[in-house]
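# Observations on the three-dimensional arrangement
What follows is the residue order along each chain.
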Amino acid sequence: MPSPAAITYGPIFVGVVFNILLYGIMITQTFLYFTVYKKDRLWMKLFVALLFICDTVNCAFDITFLYVPLVNNFGNPSSLMYASWVFATDPVMTALIGSLTQCFFAWRVNVLTHSIPAVIFIAFCALVQFCGGLGTSIAVGMIPEFVHFQKFEVIVIVWLAFSAVADCAITIALVWHLHKTGFAATDDIVNRIIRLTVQTGLVTALCAVVDLVLFLATPSGLHLVFNLPLSKLYTNSLMSSLNSRAGWRYGTGNGETTTDDMTRTDRNKHLNVRGETTRRVSMMTPNQVYIDVESHEMVDVIDSKARPSDSEMEDLPTRPYIEKGGKLSAAATAESL
C-alpha cells in the first residue's frame, strides 16, 4: 500500500514544481514587458505588477506548505493527512488571479468588438469563479482532511466550471466578432489576436476541466497536479498576449494601433511618382523620414503685353544665313555692305 506521502504529496510536489517553473517564465515575461512597453498607461503597468505580486505570494505559500510537513514534521505521518491554512490560500489566490486575468480579457473584448453582452457574461463568470475559489478556501479550512475534500465538491464545481466557461467565452467572443477587413496589415493583426486568444484560452480552460474531472473521479489528490499551476497559466497567458503585440496596442487608451509598434519590426520601402515634375521617395523607418526630389523645366516665356503685332513682325528686317563648315553665319548683303 502506498504511503500517505506518495498518495497526497506526490501530486502536490509535481504541481509545485510546475508552479515554480511557470513562475520563472512569468519573471522573464514581466521583465520584458517593463523593458519594452514603457509607454503603456500607468494603470496597465500597475495591473501587471499586481499580478506579479499575487503570483509571488502564491508561489511562496505553495513552497511553505510543501516544506512544513515534509521537513519540519518529518517522520510524523499524521501531519500528511491534513491541509494547513497555507494550503487553504491556494484556491482563493488562484481564483483571484484567474478572475483578474479574465476581466482584463473582457476589457479587451470590449475594445475590439464593442460587444456589451459578451463583456457582461465574461465578467459574471469571472466573479462567480472567484466566489467559488473563495468558498473552496473556506471549505478547506473547515474540512482539512484530504480524503474528505469531496464533501464540498459543489463549490469546487462552481469554481472550476465557471473558470473554464469564462475562458471559452473569451475565445468565442473574439473569434466570432473579429473578421477579415480586406486590408493586409489589419487582417494580419486580427489573425494574430485570434491565434493567441485561442491558444491561451484553450490551455487554461483545458487545465481547469482536467482539474475538475480528476477531483470528482479520485480522492487521491491527483487533481492537484493541474490545480497548483493553474494560476501561473493565467498570468503567463496574459503576459504572452501583452508581449506579443507587434501591430496592435492598448497603451493609447483606446485600443488603437500606434505607428510606434507597427514600425518596430517592419521596415518597408515605398517609391511613389507624383506627376511629371515631382518624384517622392519615402523610406518607412521608425522616424518617418521623407525625401522629396523636385525637377524643374526651363521654359521661355514672352510677355503678352510686349509682344509685337503681326504687321509689325512682317515689317521687321530679315537677314539670310549660310552654312559654312557646319556653322551658321550671316550672309553678306548689299545693305550690310
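Here is what the cut-offs are and how they apply
- Residues numbered from 1 in each chain as written.
- Predicted model: local features only at pLDDT ≥ 70, side-chain atom pairs only at ≥ 80, totals over all residues.
- Heavy atoms only, no water.
- Helix = DSSP H or I, 4+ residues; strand = E, 2+ residues; numbered from the N terminus.
- Buried < 20%, exposed > 50% of the residue type's maximum accessible area, 1.4 Å probe, protein only.
- Phe/Tyr/Trp six-rings, centres within 6.5 Å; stacked < 30°, edge-to-face > 60°.
- 1 Å grid on protein atoms, 1.4 Å probe; cavity = no way out; pocket = protein on both sides within 12 Å on 5 of 7 lines; lining within 4 Å.
- Points joined across faces, edges and corners; volume = space filled by probe spheres on them.
- pLDDT = per-residue confidence, 0-100.
- Contact = heavy atoms within 4.5 Å.
- Expected span 1.5 Å × (residues − 1).

This paragraph deals with unusual backbone geometry. In this structure, H114 is a non-glycine residue whose phi angle is positive, near 55°. With respect to the element layout, H114 can be found in the loop between α3 (85–113) and α4 (116–142). What makes H114 exposed here is its relative accessible area of 61%.

Now for the packing of aromatic side chains. Going through the model one piece at a time under the given rule, you end up with 12 aromatic pairs. Judged by centre distance (4.7 Å) and plane angle (40°), the rings of F65 and F87 are tilted. With a gap of 22 residues between them, F65 in helix α2 (residues 42–72) and F87 in helix α3 connect regions that are remote in the sequence. Each member of the pair F65 and F87 is classed as buried. Seen from their ring centres, F104 and F105 are 6.1 Å apart, and the 70° between their planes marks the pair as edge-to-face. Exposure class is identical for F104 and F105. Each is buried. Aromatic rings pair up to connect W43, F47, F104, F105 and W107 into one cluster.

Per the counting criterion, the structure on display carries 3 cavities of 30 Å³ or more. In this structure, the largest cavity occupies an estimated 130 Å³ of space. What lines the largest cavity is a set of 15 residues, among which T136, W159, H223, L224 and N227 lie closest to the centre. Counting residues per element, the ones that place at least two in the lining of the largest cavity are α3, α4, α5 (153–177), α6 (184–217) and α7 (224–227).

To continue, consider the confidence of the model for the protein. Mean pLDDT over the protein: 75, with 65% of residues reaching 70 or higher. Mean pLDDT in the protein bottoms out at strand β1 (residues 269–274), which sits at 36, and peaks at α4, which reaches 93. The model gives residues 246–296 a pLDDT under 50, and that stretch makes 78 contacts with residues more than four places away or in other chains.

Our next topic: α5. Taking 1.5 Å per residue, 25 residues should reach 36 Å; α5 reaches 36 Å between its end C-alpha atoms and fits that length. All of the buried residues along α5 are V156, W159, L160, S163, A164, A166, D167, A169, I170, T171, A173 and L174.

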